[in-house]
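One-letter residues, chain by chain:
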Amino acid sequence: MPEFFQFLVSGLTIGAVYALVALGFTLVYNASDVVNFAQGEFVMLGGMVTVFVHAAGVPLPLAALVAVIVSVVLGLSLYWLAIAPARGASAVSLIIITIGASILLRGAAQIVFDKQFHKLPAFSGDTPVQMLGAAVQPQSFWVIGGTAVMVLLLYVFLERTLLGKAVLATSANRFAARLVGINTTTIMALAFGGSAAIGGVAGILITPITLTSYDVGTLLALKGFAAAMLGGMGNPLGAVAGGLLLGLLEAFGAGYISSTYKDAFAFIVILAVLFAAPQGLFGRRTIERV
Amino acid sequence: MLAALRHRYGILLVLAIVIAVLPLAFPSSYYFRVASLVWVSAFAAIGLNILMGKAGQVSLGHAGFFGIGAYAVAIGPTHLGVPSLVALLLGCLLSALLAFLVGRPILRLKGHYLAIATLGFGVLVALVITTESRWTGGPDGMSVMKLTLFGWRASGSDTWYWITGGLLLAGTWIALNLDETPTGRAFRALHDSEIAARVTGINVNRFKLQAFVIAAVYASLAGSALALMNGFVNPDQAGFLHSIELVTMVVLGGLGSVLGSIVGAAVLIMLPQVLTVFQEYENLLLGAIIIVSMIFMREGIVPMLSKFMMGRRA
Amino acid sequence: MTILKVDDIGISFGGLKAIDGVGFSVEAGQIFSIIGPNGAGKTTLFNVISGIYEASEGRIELAGQDVTRFAPDVLAARGLSRTFQNLQIFQRMTAIENVMVGRHLQEKCNLFADLFRLPSVTRQNKETRAAALAFLDEVGLRDHADTPAGALSYGACKRLEIARALAAEPRVLLLDEPAAGCNSVETEEIDRLICRVAAKGIAVVLVEHDMKLVMKISDRILALERGRPLIEGSPGEVRANPAVLEAYLGKHGAREAARA
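This one's a predicted model, so the numbers in the text were calculated from it and none came from an experiment. (Residues numbered from 1 in each chain as written. Chains lettered and ligands numbered in written order. Predicted model: local features only at pLDDT ≥ 70, side-chain atom pairs only at ≥ 80, totals over all residues.)

Some points on the interface of chain C and chain B
Argument step 1. Each side of the interface is counted separately: chain C has 32 residues, and chain B has 23 residues.
Argument step 2. Secondary structure elements with two or more residues in the side of chain C that touches chain B: α2 (72-77), β6 (80-82), α3 (95-102), α4 (111-115) and α5 (119-138) of chain C.
Argument step 3. A class-by-class count of the residues in the side of chain C that touches chain B yields 17 nonpolar, seven polar and eight charged. (Contact = placed C-beta atoms within 7 Å. Helix = DSSP H or I, 4+ residues; strand = E, 2+ residues; numbered from the N terminus. Nonpolar A, V, L, I, M, F, W, Y, C, P; charged D, E, K, R; others polar.)

The following block contains the structure:
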């Protein structure tokens, strides 16, 4: 039983990070139909910028703030410099562009920072908390709690603010949104900036547990994409559920089945789900119209 | 010369001449190596282009098949005592079989769902290769026995230049053959309108699967050729980034254009060679160049050039 | 001889019945029209008959055999062809290539023969091209054979779709608004074309808004309202039914039909 609880907590912790990456994917996808493979790089940036700014003597909270700002600026630049000029390009071309951006960001990180692994101090110390017989890192609470706060903030933003409703309208029907006077270009830029911020925060929260380096982004992007797909592409709550589910699957799979194939579970599950339910777990079935 | 590129045998002739004449301008064996690398990648890209450009189905995991081909000629002779050429054929067979089995459920999916499913397949192949280190040497890769044919050992970069060049010609010929055949038309039809293809009696699942298997065999063969040429394999050849590299070759050269895949491969293989001068700025520049070329040449290099030429004539 | 028999067909989307209890039968060489206001379920009915949607109730028979819930390509092989209201042509192919795809079922298709383009493939290709050209000629597009389909006018695309459907040598041809968006000259061409097709013994099922055309060429007409059949009969019977005219065509349409 303690073992079970241990896996549960570590699964929820890493799942929370996947959920945030998937949420970023979903936000951008809804607003612009772009599958942004550079999403994982913002997680890398969040961690790396915090590490280096903190190492330069800046207090941790301030360093984290700088990291989020850097992520947002780069997210906006990604939109304005690479996505907006490619308007009308095919889905595959857009995917290649975002992958190009991810290679570029990685290349930049490799120059600005270095190729080493880096760690951040845990926010509330390293003394494990004993819960139901399992030793839980305090940082896990930060990750899970932080994710919950982010999801809540996003929910309130989308449901309770005019700007948020404009985002929802844009994702429902871009053309109709433009007709009622919504500046969809601004909305798309906002989505890229917002998803970069979400990614950055995820990176800051998880780095004390998993370490970071310039090349952690790719695998995170792939798993975030898988999580978003698992939840039914375009569904924010589905993305969160998909992320948590993926984290749990990985933790329990690694714990009970095989730890060497930890990274494989995500993709086995996504393939299995797509075989059985081609629209993802929480996606809606669409009817072909001719 | 440009008019020749409109005909199947015209393209083949021009390509053969280029392959034959190019070595005259090569100052060192390094150039033979890079050119062979271009031919091999172009071969894989042409196969993928049949799937993506003709049949309109995306695959973000095609390096998986490339990896299977590469590791087949590595593992076969080393661990199983199978001759290289037999291992190469077994690799093709395994790729075809896997493509057939995985393709049946996967190819029912559309758009981003197909993208993530193929991506997942590719990542899984790469993971198996990285993890089963007893067979594959793990993340460090393994060495590959040289290809021997009737006592003759295929080694040296100029030898491999001709082998890969011949392979590319054969691959180009087959891809060009497909146009103007019922199969080729069925591919293009289901690309343009799946629903119309179905009501004209085309079994779209069967043809998608055929295109997927063809592309898998092309990739597998290319993987085997590269492994035998290098005398070495590593898991990166099956990895996600290599899949993306292949897709980028196809799209950058021009979807549906066989010639485009060769051009796309040439650009993407030579670019990093040129960029090594910039050392640590290599990735940064590579990313930037990919973005810029996709923005400004979204139709692909070859279709854009041919449009330009037609415009000038008119 | 009854070639297509639709019996008590129904389909619902998310609990909403789009088609309910529709039945009719069509004989070889007959022109059978389905009319009704927008949203009456005409295109949905076509999608069910051609296998794109699966019927939730009822039965469809093609040449006496049960083909309910068969896939579109299987139905095509059994002699059912159709066109689409919203144009589903192969944009990146030339006009003649579009029609050559229509010959798919008449062709031998062997992957290996095609990959190596054996002499038999080249020979067959010549035959297919000649046949396709004849069908293009039939719809008056012979001169546009090598034009990319994406560059054809709307009316030409409509006729190209008909040529592609005819190329499959069907027994039943479903035409979904073949005259929509066409001018009066083009409409008349299509009118003559449909009559020629029917004269060859092909059963034509027509969905069309141009009442003049429908009343002129139909043998029988089925009127739908909100997915349910209202009346079926000869053009005279349908025209004479004031309730139908009012309900389906409005006052203006009623006058137009009366003039036809």
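Things to note about the nonpolar core
Argument step 1. Membership of the largest hydrophobic core comes to 281 residues, with the highest contact counts inside it found for A226(A), I270(A) and V204(C).
Argument step 2. A total of 18 residues in this core trace back to one element, the largest contributor, which is helix α10 (residues 204-230) of chain B.
Argument step 3. Once you skip the residues sitting within four places of it in the chain, I270(A) turns out to touch A226(A), M229(A), L230(A), I116(B) and G120(B). (Core = buried A, V, L, I, M, F, W, Y, C linked by C-beta atoms within 7 Å. Buried ≥ 20, exposed ≤ 12 C-beta atoms within 10 Å, placed from the backbone.)

Re the sheet that holds strand β3 (residues 31-35) of chain C
Pairing between the strands of a sheet is mediated by backbone hydrogen bonds and can be parallel or antiparallel.
Residues and elements named next belong to chain C.
Argument step 1. Ordered by their spatial adjacency, six strands build an open sheet running β6-β7-β8-β3-β9-β10, and the pairing between neighbours is mixed. A single partner strand is all that each edge strand has here, and the edge strands are β6 and β10 (228-233). Direction aside, neighbouring strands of the sheet carry axes that sit 20° apart on average.
Argument step 2. Strand direction decides the pairing type here: strand β9 (residues 220-225) and β10, joined by five bridges, are antiparallel. In the sheet register, L224 faces β10, and the bridge partner there is P229.
Argument step 3. Of the strands in this sheet, β3, β6, β7 (172-176), β8 (203-207) and β9 touch helix α1 (residues 42-49), which is tilted by about 150° from β7.
Argument step 4. Of the strands in this sheet, β3, β7 and β8 are in contact with helix α7 (residues 184-199), which crosses β8 at around 150°. (Pairing = 2+ DSSP bridges. Axes fitted to C-alpha atoms, helices over the stretch in contact; angles between N-to-C directions.)

Structural notes on the sheet that holds strand β5 (residues 65-66) of chain C
Residues and elements named next belong to chain C.
Argument step 1. Across the sheet, which stays open at both edges, the four strands sit in the order β2-β1-β4-β5 with antiparallel pairing between neighbours. In the strand order of this sheet, the two ends are held by β2 (16-27) and β5, each with one partner.
Argument step 2. Across the face of the sheet, α1 comes into contact with β1 (2-13), β2 and β4 (57-62) while running at roughly 65° to β2.

A few points about the packing of helix α9 (residues 217-230) of chain A against helix α10 (residues 236-257) of chain A
Residues and elements named next belong to chain A.
Argument step 1. For the pair α9 and α10, interaxial distance at closest approach is 7 Å and the crossing angle is 120°. The pairing of α9 with α10 is recorded here as oblique in orientation. The handedness of the crossing between α9 and α10 comes out as right-handed. For the pair α9 and α10, contact is made by K223, A226, A227, A228 and L230 and by A239, G242, G243, L245 and L246, respectively.
Argument step 2. Class assignment for the residues of the contact of α9 with α10 results in seven nonpolar, two polar and one charged. (Parallel < 35°, antiparallel > 145°, perpendicular 65-115°, else oblique. Left-handed = near helix turned anticlockwise from the far one by under 90°.)

Looking at the environment of L222(A)
Argument step 1. Mapped onto the fold, L222(A) is located in helix α9.
Argument step 2. Apart from residues lying up to four places away in sequence, L222(A) is in contact with L119(B), V123(B) and F240(B).

Let's talk about unusual backbone geometry
Residues and elements named next belong to chain C.
Argument step 1. Phi is positive for L87, which is not a glycine, with a value near 50°.
Argument step 2. Within the secondary structure, L87 is located in the loop between β6 and α3.
Argument step 3. With a phi angle near 35°, R117 is a residue other than glycine that sits in the positive phi range.
Argument step 4. Mapped onto the fold, R117 is located in the loop between α4 and α5.

Regarding the UniProt feature "transmembrane region" (unreviewed entry) in chain A
Residues and elements named next belong to chain A.
Argument step 1. In the numbering used here, UniProt assigns the feature "transmembrane region" (unreviewed entry) to residues 6-29, 62-82, 94-113, 140-158, 179-206, 212-230, 237-258 and 264-282.
Argument step 2. Its end C-alpha atoms 29 Å apart, residues 62-82 is made of 100% helix and 0% strand.
Argument step 3. Taken end to end, residues 237-258 has its terminal C-alpha atoms 29 Å apart, with 95% of it in helix and 0% in strand. (UniProt positions renumbered as here; feature names shortened; annotations may be inferred.)

Some details on the confidence of the model for chain B
Residues and elements named next belong to chain B.
Argument step 1. In the predicted model, chain B carries a mean pLDDT of 92, and the fraction of residues at 70 or more is 98%.
Argument step 2. Mean pLDDT across the elements of chain B ranges from a minimum in strand β3 (residues 152-154), with 78, to a maximum in α10, with 97.
Argument step 3. For this predicted complex, the interface score ipTM comes out at 0.91, while the overall pTM is 0.92. (pLDDT = per-residue confidence, 0-100.)

Focus on the interface of chain A and chain B
Where interface size is given, it is often the accessible area lost as the parts come together that is meant.
Argument step 1. Contacts between the two partners involve 39 residues from chain A, matched on the other side by 35 residues from chain B.
Argument step 2. Taken together, the elements giving at least two residues each to the side of chain A that touches chain B come down to α4 (91-112), α9 and α11 (262-276) of chain A.
Argument step 3. The greatest single-element share of the side of chain A that touches chain B, amounting to 15 residues, is contributed by α4(A).

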